[in-house]
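Chain by chain, the residues run as shown.
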There are 2 protein chains.
Amino acid sequence: MQAIQDHYPAEFSHCYGCGPANPHGFHLKSYIDGERTHARFTPASMYSGGYPGNVYGGMLASLLDCHGTASAAAFAYRAQSRVMGDGGPPIRFVTGSLKVDYRRPTPLGVELLIEGTLCSLEGRKAVIDLTLSAGGEVCVTGVMVAVQFVAKA
Amino acid sequence: MQAIQDHYPAEFSHCYGCGPANPHGFHLKSYIDGERTHARFTPASMYSGGYPGNVYGGMLASLLDCHGTASAAAFAYRAQSRVMGDGGPPIRFVTGSLKVDYRRPTPLGVELLIEGTLCSLEGRKAVIDLTLSAGGEVCVTGVMVAVQFVAKA
């Protein structure tokens, strides 16, 4: 099953967090399933927070950020009754703003589940609710305002 | 001149973004100067966003996050008329929430300036305003709610 990011246009696939064309990055892979998007990621132990054993805040923000823009694209395709990779004009979002709430420490060494739901989609603007959980416990929540990217001619 | 992070207690110095004790991380260094804190960082070219030539959002959130908690600590020391490394009980903050506004693309290959100002400090809670600029242009702004960390006995 192809991830949302695998459908990004080649020109816009260089993101360190999730771009298939970035040889160094995290290669986050997001999927849509019904009303929800999901991604799974296990940070390496070096991505520690100040206190060992927990994930550092920047990694958690990165995961929400990349998953959020992927989710926005997937929801926008669905709203237009389109399928990613259908040969039509590609839909790609960038982050306008991201609010991250760190609700409890996120443990290292555990697979993290990042999920997204669509809050609203109007014109070029999508609002995505995000959660990040470890072992069934929600550790981080977020809200993203994503804006559809229109490439300059 | 020692950075704020160089005064973090050894036990809490493992952050990938800014911990002196993390051998793999970014080692962000923040300083306080009057009413403002500042840090400078030049992301390597691999930290690209979806479109080459710009910094990816997760890196920018990381820089604000680490600089924000450092700023909170520095402002809290000053509010208590203390100096970091004075031998008293260490003051260390963690992120409660972080809102990041991406105002324009942040270019790669340029030194970024991250600055913080204290918005409020009440009890264990500090609110920090953050900006990230490149070549004198503000690219990202943020607001952090930081919470003083109290180690469990």
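Residues numbered from 1 in each chain as written. Chains lettered and ligands numbered in written order. Predicted model: local features only at pLDDT ≥ 70, side-chain atom pairs only at ≥ 80, totals over all residues. Heavy atoms only, no water.

What is the right way to read the interface of chain B and chain A from this model?
How big an interface is tends to be expressed through the accessible area that disappears when the partners come together. At the junction of the two partners, chain B supplies 33 residues and chain A supplies 33 residues. The interface formed by chain B and chain A holds zero salt bridges in total. Where chain B meets chain A, there are 18 residue pairs in polar contact (both at pLDDT 80 or more). For the side of chain B that touches chain A, the element with the highest residue contribution is strand E3 (residues 93-102) of chain B, accounting for eight residues. For the side of chain B that touches chain A, the class distribution of residues is 14 nonpolar, 14 polar and five charged. Judged from the five bridges that link them, strand E3 (residues 93-102) of chain A and E3 of chain B form a sheet pairing that is antiparallel. Residue pairing for E3 of chain B: Leu98 of chain A is matched across the bridge by Val100 of chain B. (Contact = heavy atoms within 4.5 Å. Salt bridge = Lys/Arg side-chain N within 4 Å of Asp/Glu carboxyl O. Polar contact = N/O pair within 3.5 Å; in protein donor to acceptor, adjacent residues only side chain to side chain. Helix = DSSP H or I, 4+ residues; strand = E, 2+ residues; numbered from the N terminus. Nonpolar A, V, L, I, M, F, W, Y, C, P; charged D, E, K, R; others polar. Pairing = 2+ DSSP bridges.)

What exactly am I supposed to notice about the relation of the copies chain B and chain A here?
Two chain copies here: they are related by a rotation about an axis and a translation along the same axis. Take chain B, turn it by 180°, move it 0.0 Å along the axis, and it overlays chain A with an RMSD of 0.0 Å. Viewed as a symmetry operation, the transformation between the two copies matches a two-fold axis. If distances are taken from each C-alpha of chain B to the rotation axis, the shortest is found for Lys99 of chain B, at 2.0 Å. Interface overlap between copies: 100% of the residues of chain B at the interface are likewise at the interface in chain A, consistent with a symmetric, same-surface contact. (Least-squares fit on C-alpha atoms with pLDDT ≥ 70 in both.)

Would you explain the sheet that holds strand E1 (residues 30-33) of chain B in this entry?
Whether parallel or antiparallel, the strands of a sheet pair through hydrogen bonds between backbone atoms. Spatial strand order, E1(A)-E2(A)-E4(A)-E5(A)-E6(A)-E3(A)-E3(B)-E6(B)-E5(B)-E4(B)-E2(B)-E1(B): twelve strands in an open sheet with antiparallel pairing. Looking at which strands have only one partner, the edges of the open sheet turn out to be strand E1 (30-33) of chain A together with E1 of chain B. Adjacent strand axes in the sheet meet at a mean angle of 25° when their direction is disregarded. Where E1 of chain B lies against strand E2 (residues 36-41) of chain B, four bridges are found, and the strand directions are antiparallel. (Axes fitted to C-alpha atoms, helices over the stretch in contact; angles between N-to-C directions.)

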